[in-house]
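Fold and contact review
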Amino acid sequence: MIFRNISIIIIIVYSVLFLVLPKTEYQPADPGLKILQIRDFIRSGYSDFSAHYPAKNFDEEALFFPVRPPFAYRIANNAYYVFPFFATLLFTPFYKLGGIFLLNFFCLISGLLIIFFVNKIAVVVGITDKFRKYLILFTAFGSGTGVYTFTFGEGIFATLLLTISVFLILISKKSQHSKILFLISGLLAGFSVFFRIELALF
């Protein structure tokens, strides 16, 4: 009952924010460069991950490429953004299909699923209803989930995979299919590293 009532509030607030916030490709720093990386990959004919540089004819070594470290680096006279190429490969077909709107929609669904599985984890570990309520509200409105749900990027997807992985580990202890659940959990955790390399620490 607690989760149902809170989840309705969260879904309404998240949906309103999703509809109100502009669906633009002109975004700051991380999300904007990730979109540029996708667009440049498409521009190259799906053959090159280097950044498109219109001034390349005048600046062959890309010395004056406008994006600087730590967001982009020059390698063999080409500029490359630092974001994982795997994510670019995964997001490109969806960008072609529905543009930034579809990518943002996937972020919204991922954020809601993170909250759902956080609640599931809280139930499994035996957190009281009172603290579970605060945990869900904090996850939705006080953590990075509440930000990255509405900002395009691979972080929200990596977090979802890792959250599901933790949940599967916890329920595997009482399951007849513990080995399968451990295997799936490991695959999901490993898969998340392709999105965010620092998750290898977890």
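This text gives an overview of the structure that appears in the document. (Residues numbered from 1 in each chain as written. Predicted model: local features only at pLDDT ≥ 70, side-chain atom pairs only at ≥ 80, totals over all residues. Heavy atoms only, no water.)

Regarding the nonpolar core
As a reminder of what qualifies: For this analysis, a nonpolar core means a set of buried residues of the types Ala, Val, Leu, Ile, Met, Phe, Trp, Tyr and Cys, connected via side-chain atoms within 4.5 Å. When a residue's accessible area, from a 1.4 Å probe over protein chains only, is under 20% of the maximum for its type it is buried; when over 50% it is exposed; and in between it is partly exposed. In DSSP terms, a helix is any run of H or I states spanning at least four residues, a strand is any run of E spanning at least two, and both are numbered starting from the N terminus.
Membership of the largest hydrophobic core comes to 27 residues, with the highest contact counts inside it found for I38, F91, L103, F152 and F195. Considering every element that reaches this core, the biggest residue donor is helix α3 (residues 85–125), with 10 residues.

A look at the pattern of salt bridges
This is how the line gets drawn: Here, a salt bridge means any Lys or Arg side-chain nitrogen found within 4 Å of an Asp or Glu carboxyl oxygen.
Scanning the entire structure with this criterion turns up four salt bridges. When the shortest N-O distance is used, the salt bridge between R39 and E25 registers 3.0 Å. Of the two residues, R39 sits in helix α2 (residues 29–43) while E25 sits in the loop between α1 (2–20) and α2, which places them 14 residues apart along the sequence. In this structure, E154 engages K34 in a salt bridge whose closest nitrogen and oxygen atoms are separated by 3.0 Å. With a gap of 120 residues between them, E154 in the loop between α5 (145–148) and α6 (155–172) and K34 in helix α2 connect regions that are remote in the sequence. By sharing partners, the salt bridges in this structure join K34, E154 and R196 into a single network.

Quick look at the pairing of strand β2 (residues 78–81)
Stated formally: If DSSP finds at least two bridges between two strands, the strands pair.
Residues A79 and Y81 point to one face of β2 and are all buried, whereas N78 and Y80, pointing to the other face, are not buried. With four bridges joining them, strand β1 (residues 72–75) and β2 adopt antiparallel strand pairing. Within β2, the residue paired with R74 across the bridge is A79. Where β1 hands over to β2, the hairpin turn is made up of two residues, of which A76 adopts a positive phi near 50 degrees.

Considering the packing of aromatic side chains
Put simply, the test is: The pairing test for Phe, Tyr and Trp rings, Trp by its six-membered ring, is centres within 6.5 Å, and the orientation test on the planes gives stacked under 30 degrees, edge-to-face over 60, and tilted for anything in between.
In the structure shown here, the tally under the stated rule is 22 aromatic pairs. Look at F86 and F191: their rings are 5.3 Å apart centre to centre, the planes differ by 80 degrees, and that puts the pair in the edge-to-face class. Remark: F191 occurs in helix α7 (residues 178–195) and F86 occurs in helix α3; sequence separation between them is 105 residues. With relative accessibility at 26%, the residue F86 sits in the partly exposed group. Where F94 meets F106, the ring centres are 5.0 Å apart and the plane angle is 90 degrees; that geometry is what we call edge-to-face.

Quick notes on the environment of A189
Here A189 shows up in helix α7. Judged by relative accessible area, A189 falls into the partly exposed class, the value being 22%. A C-alpha to C-alpha distance of 8.5 Å links A189 and V166, two positions 23 residues apart in sequence.

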